[in-house]
Amino acid sequence: MTELTYHYVALTDTGLRRTDNEDSGFASKNLLVIADGMGGAAAGEVASSETMHVIRKLDRELEGDAIEALAGAVSRANDRLGELIEEDPAVEGMGTTLDALLWDGKKFAMAHIGDSRAYRLRDGKLTQISDDHTFVQSLVDEGRLTPEEARHHPHRSLILRALLGRDDNDPDISTVEAKLGDRYLLCSDGLSDMVDDNVIEATLGVETIDFAATELIRLALEGGGYDNVTVVIAEMVAAETPIDETLSSSNGQPQLVGAAAGQHRPRTGRSADPVARAKGDAAKDDVPAKPLDPEEVRYMSRPPSSRRWVRWAVGLLVLAAILGGAGKIAYDWSQKQYFVATDNGMVTIFRGVHAEIPGVKLENVDTVTNIDVSTLPEFRRKQVRSGIEASSRADAQDIVDNLGQFVTPAPAPAATPSPTPTPTAKTTRADIQTTSQRLVEDS
Ligand code: CA
């Protein structure tokens, strides 16, 4: 059997609509990685580049099992994000997708979380070898949406799993058996959202992977360039294939691109820089109906567990203030706070703070909506049940309006045609052996 290695290329572009690149890409003879960061005020850059720097330490002679090494590195990257969030609560909610392929000389260990994609091109046929951890994919899996509907769904970029520095989001870990001539593509959603799979298939097959990379980026920009776009491509070649110094894909040098390759920009929060803030506010006046940036709603930005703790702590503080004599001020303050939770199974706006202290009530029902919690998808249900904080009454209404878009009527029991099979060729993955080594099962 031919001994294999691969040539590789990593390329990124900020795109036409964004000013920052929150993607990071890496390629070397041992390792291929992509990370698409998210979180406002440059936190996405931090999440993607910090994750990349931890994972990149695998780029050396492999000791032991590739699956173990990769799973360990992902766990360390996640811990690193957790540390950063603990040090600076302002970046809470930042996170990143991750796709990583670690070569052990015969096969790849693969880690995947989020909606960045891994594809394989074999004998001219493209197969997606990662599952999108997205809301729309979960609806496709349940037969409620066709893949084509998912492609155009307003919430297609909402992801259900990402590295968030918490212990409840685990990557899929699997093994990928490579063959001579295979090409592998890791890409951020800035490519897969803008370019159809059949076009990716044709383009990935062009003569050299260097050309394929530039063509894919060009096509993403041509398709709108709404997001950062990053591609990492590998081509399996015989180990004795000579190095070609003229091609970046085969000169043997590691390639690091995107956020992880640049300096972190200092975060400029809205309140931190009065000039930028004033400009921002002025710009807002010019464009009254600025559409919501999809990156801002990509994932659950209000982690229920920690927020629950925050509310509990706030409740204690208010209580302490009341007992300590600053009662009226503290109580008045508490009554200007809002949150969305449930009342008798209905989504409800509450005024006050949820003290969660026996015998203490600092909350009042403001409005009971007509949204039955049981009609929401499970993750939204959980979120509402543990309460979603709002910054104002209007914000609480926005949260409710947003939840309203997730209401799914129970599917009609009869006359439902069987869903179109997904084109992601799930059934042709004979050679991708998902191991039982999911780090921890979803709780
Ligand atoms: Ca993206």
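The protein atoms that coordinate the calcium ion are Asp36 (OD), Asp36 (OD), Asp189 (OD) and Asp227 (OD), at distances spanning 2.3 to 3.2 Å. Between consecutive donors of the calcium ion, the numbers of intervening residues give the motif D-x152-D-x37-D. Taken together, the residues Asp36 in strand β3 (residues 31–38) and Asp227 in the loop between α7 (209–222) and β11 (229–238) connect sequence positions 191 residues apart. In this structure, Asp36 and Asp227 share a single accessibility class: buried.

Although it is not a glycine, Asp123 adopts a positive phi angle of roughly 50°. By secondary structure assignment, the location of Asp123 is in the loop between β7 (117–122) and β8 (125–128). Note on Asp123: relative accessible area 79%, which makes it exposed. Here Asn344, not a glycine, exhibits a phi torsion of approximately 50°, which is positive. With respect to the helices, strands and loops of the structure, Asn344 is situated in the loop between β13 (338–343) and β14 (346–352). For Asn344, a relative accessible area of 76% gives the class exposed.

The subject of this paragraph is the confidence of the model for the protein. In this model, the protein carries an average pLDDT of 79, and 73% of its residues clear a pLDDT of 70 or more. Contacts from residues 263–292, a stretch scored under 50 in pLDDT, to residues over four places away or in other chains number 18 contacts. Of the regions scoring below 50 in pLDDT, residues 414–443 engages in 52 contacts with residues more than four places distant in sequence or in other chains.

Looking now at the nonpolar core. Counting residues in each nonpolar core, the largest one holds 33 residues, and the members touching the most others are Val33, Ile55, Leu58, Leu70, Met94, Leu98 and Leu102. Element by element, the count of residues in this core is highest for helix α2 (residues 66–87), at 11 residues. By size, the runner-up hydrophobic cluster in this structure holds 22 residues, among which are Phe135, Val340, Ile371 and Leu403.

Another aspect to go through is the packing of helix α1 (residues 43–55) against α2. The geometry of α1 relative to α2 is characterised by a closest axis approach of 9 Å and an angle of 140° between their N-to-C directions. Taken together, α1 and α2 sit at an angle that is classed as oblique. Between α1 and α2 lies a crossing of right-handed hand. Residues Val46, Ala47, Glu50, Thr51, Val54 and Ile55 of α1 form the contact with α2, whose participating residues are Ala73, Val74, Arg76, Ala77, Arg80, Leu81 and Leu84. Classifying every residue of the contact of α1 with α2 by side-chain character gives 9 nonpolar, 1 polar and 3 charged.

Here we come to the pairing of β8. Note: β7 against β8, 4 bridges, orientation antiparallel. Among the inter-strand pairings, Tyr119 is bridged to a residue of β8, identified as Gln128.

Turning next to the side chain of Asp172. Secondary-structure assignment places Asp172 in strand β9 (residues 172–177). A relative accessible area of 18% places Asp172 in the buried class. Among the polar contacts listed, one links the side chain of Asp172 to the side chain of His133, at a separation of 2.8 Å.

Let us now look at α1. Helix length check: α1, at 13 residues, gives a terminal C-alpha distance of 18 Å against a target of 18 Å (1.5 Å per residue), a fit within 8%. Among the 13 residues of α1, 12 are classified as buried, and the element is accordingly described as predominantly covered. When α1 is considered as a whole, its buried residues turn out to be Ala43, Gly44, Glu45, Val46, Ala47, Ser48, Ser49, Glu50, Thr51, Met52, Val54 and Ile55. Tucked into the core, α1 has its buried residues touching β2 (23–27), β3, α2, β4 (95–96), β5 (98–103) and β12 (255–258).

What counts and how
Residues numbered from 1 in each chain as written. Predicted model: local features only at pLDDT ≥ 70, side-chain atom pairs only at ≥ 80, totals over all residues. Heavy atoms only, no water. Donors = N, O, S within 2.8 Å, 3.2 Å for Na, K, Ca; no water. Helix = DSSP H or I, 4+ residues; strand = E, 2+ residues; numbered from the N terminus. Buried < 20%, exposed > 50% of the residue type's maximum accessible area, 1.4 Å probe, protein only. pLDDT = per-residue confidence, 0-100. Contact = heavy atoms within 4.5 Å. Core = buried A, V, L, I, M, F, W, Y, C linked by side-chain atoms within 4.5 Å. Axes fitted to C-alpha atoms, helices over the stretch in contact; angles between N-to-C directions. Parallel < 35°, antiparallel > 145°, perpendicular 65-115°, else oblique. Left-handed = near helix turned anticlockwise from the far one by under 90°. Nonpolar A, V, L, I, M, F, W, Y, C, P; charged D, E, K, R; others polar. Pairing = 2+ DSSP bridges. Polar contact = N/O pair within 3.5 Å; in protein donor to acceptor, adjacent residues only side chain to side chain. Expected span 1.5 Å × (residues − 1).

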